[in-house]
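In case you want the letters, here they are:
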Amino acid sequence: MLREIRPAILVLVLLTAITGLAYPLAMTAIAGTLFPVQAQGSLIERDGKVIGSALIGQEFKDDKYFHGRPSATLAPDPNDSTKTVSAPYNAANSGGSNLGPTSKALADRLKEDVDKLKAENPNAAVPVDLVTTSASGLDPNISPEAALFQVPRVAKARSMSEDAVRELVTQNTQGRFAGVIGEPRVNVLALNLALDAAKPK
């Protein structure tokens with residue numbers, strides 16, 4: 001019986017060492033060498049301090065900044081551990097909401113958000129990604145249309161010309177991968193950093 005068990009144990013130990021130790025270490029080393037920024041989380045630094053990641057959205061509320069997509073991520077309520085509270089872009093709890101198209105709570109929130117955005121820019125149609133959450137709740141990007149929709153508010157708050165702000169949106173718009181995969185997008189954090197670095201025009 002020991003003769004039958006020994007090969008099984010040896011195979012288990014060998015495969016554990018290969019797939020559980022050697023392979024992950026090799027992939028980590030290769031990724032760190034070929035893609036050092038991405039392997040460390042695509043972190044963005046300013047003045048030597050990490051201020052975010054290009055892969056995870058952040059909440060911007062000030063009128064002088066572009067705003068990202070709404071986030072449905074939650075966190076435990078500090079006052080009652082049996083409940084949750086809204087925690088936008090909470091990377092520890094990625095996920096969308098469970099609200100469906102017949103949900104009154106969702107319909108009410110969408111109407112409130114659309115009304116607020118229409119008041120901000122009454123002459124333009126509200127882009128859908130400014131009122132809907134992504135599946136992860138962490139989306140760092142918005143569509144170019146969503147960024148351009150916000151130009152009048154940002155320009156007014158910063159005393160800049162709309163043309164200058166629009167130019168920053170154009171400069172920070174990323175195209176489709178290989179020209180065909182995905183959609184054009186604007187990373188909100190990168191755009192806001194460019195905005196902070198720009199001189200008023």
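Refer to the preceding data block for the structure.
Residues numbered from 1 in each chain as written. Predicted model: local features only at pLDDT ≥ 70, side-chain atom pairs only at ≥ 80, totals over all residues. Heavy atoms only, no water.

**What about the overall build of the protein?**
Along the backbone of the protein there are seven helices and seven strands. Going from N to C terminus, the protein has its helices and strands arranged as α-α-β-β-β-β-α-β-α-α-α-β-β-α. Relative to the compact-globule value of 17 Å for 201 residues, the protein shows a C-alpha radius of gyration of 23 Å, a clear excess of over 25%. Seen along its three principal axes, the alpha-carbon backbone of the protein occupies a region of about 80 × 40 × 40 Å. Looking at the protein as a whole, 29% of its 201 residues qualify as buried. Taking all contacts inside the protein whose residues are at least 6 apart in sequence as the whole, residues at least 24 apart take part in 54%. With an accessible surface of roughly 13200 Å², the protein has 60% of that area assigned to carbon and sulfur atoms. In the protein, which carries 21 positive and 21 negative side-chain charges, the distance between the mean positions of the two groups comes to 2 Å. (Helix = DSSP H or I, 4+ residues; strand = E, 2+ residues; numbered from the N terminus. Rg over C-alpha atoms; globule rule 2.2 N^0.38 Å. Buried < 20%, exposed > 50% of the residue type's maximum accessible area, 1.4 Å probe, protein only. Contact = heavy atoms within 4.5 Å. Areas by Shrake-Rupley, 256 points an atom, 1.4 Å probe, with all protein chains shown as cover. Lys, Arg positive; Asp, Glu negative; His and termini not counted. Charge placed at Lys NZ, Arg CZ, Asp CG, Glu CD.)

**Side note on the sheet that holds strand β6 (residues 173–174)**
Strand order in the open sheet made by the three strands is β5-β7-β6, with antiparallel pairing throughout. Unpaired on one side and paired on the other, β5 (141–142) and β6 mark the two borders of the sheet. Sheet topology places β5 next to strand β7 (residues 185–187); two bridges connect them, and they run antiparallel. Of the residues in β7, the one forming a bridge with I142 is V186. Together, β5 and β7 form the strand contacts of helix α7 (residues 188–197), whose direction differs from that of β7 by roughly 60°. (Pairing = 2+ DSSP bridges. Axes fitted to C-alpha atoms, helices over the stretch in contact; angles between N-to-C directions.)

**Points about α7**
For an α-helix, the turn length of 3.6 residues means that residues three or four places apart are oriented alike. When α7 is considered as a whole, its buried residues turn out to be V188, L189, L191, N192 and L195. Axial view of α7: buried residues confined to an arc of 160°, hence all on one face. If you check the start of α7, you find a side-chain oxygen 3.2 Å away from the backbone N of L189, and it comes from N187. (Arc of directions from axis to C-beta. Polar contact = N/O pair within 3.5 Å; in protein donor to acceptor, adjacent residues only side chain to side chain.)

**Quick look at the nonpolar core**
In terms of nonpolar packing, the biggest core is built from 24 residues, with F66, A147, V165, V169 and L191 touching the most fellow members. Taken together, the elements giving at least two residues each to this core come down to α4 (144–149), α5 (151–158), α6 (162–171) and α7. Ignoring sequence-local partners within four residues, the contact set of V165 consists of F66, V151, V154, A155 and M160. (Core = buried A, V, L, I, M, F, W, Y, C linked by side-chain atoms within 4.5 Å.)

**Some points on the side chain of R153**
Position of R153 among the secondary structure elements: in helix α5. Residue classification places R153 among the buried residues on the basis of a relative accessible area of 10%. A polar side-chain atom of R153 sits 2.4 Å from a polar atom in the side chain of Q150. Excluding residues that lie within four positions of it along the chain, R153 makes contacts with D62, D63, Y65, F66, H67 and E120.

**Considering helix α1 (residues 2–34)**
Under the 1.5 Å per step criterion, the end-to-end length of α1 is 46 Å for 33 residues, consistent within 8% with the ideal 48 Å. When the local axis directions of α1 are compared, the greatest deviation, roughly 30°, occurs at A22, which is followed within four positions by the proline P24. (Expected span 1.5 Å × (residues − 1). Bend = angle between axes of the 7 residues up to and from the residue.)

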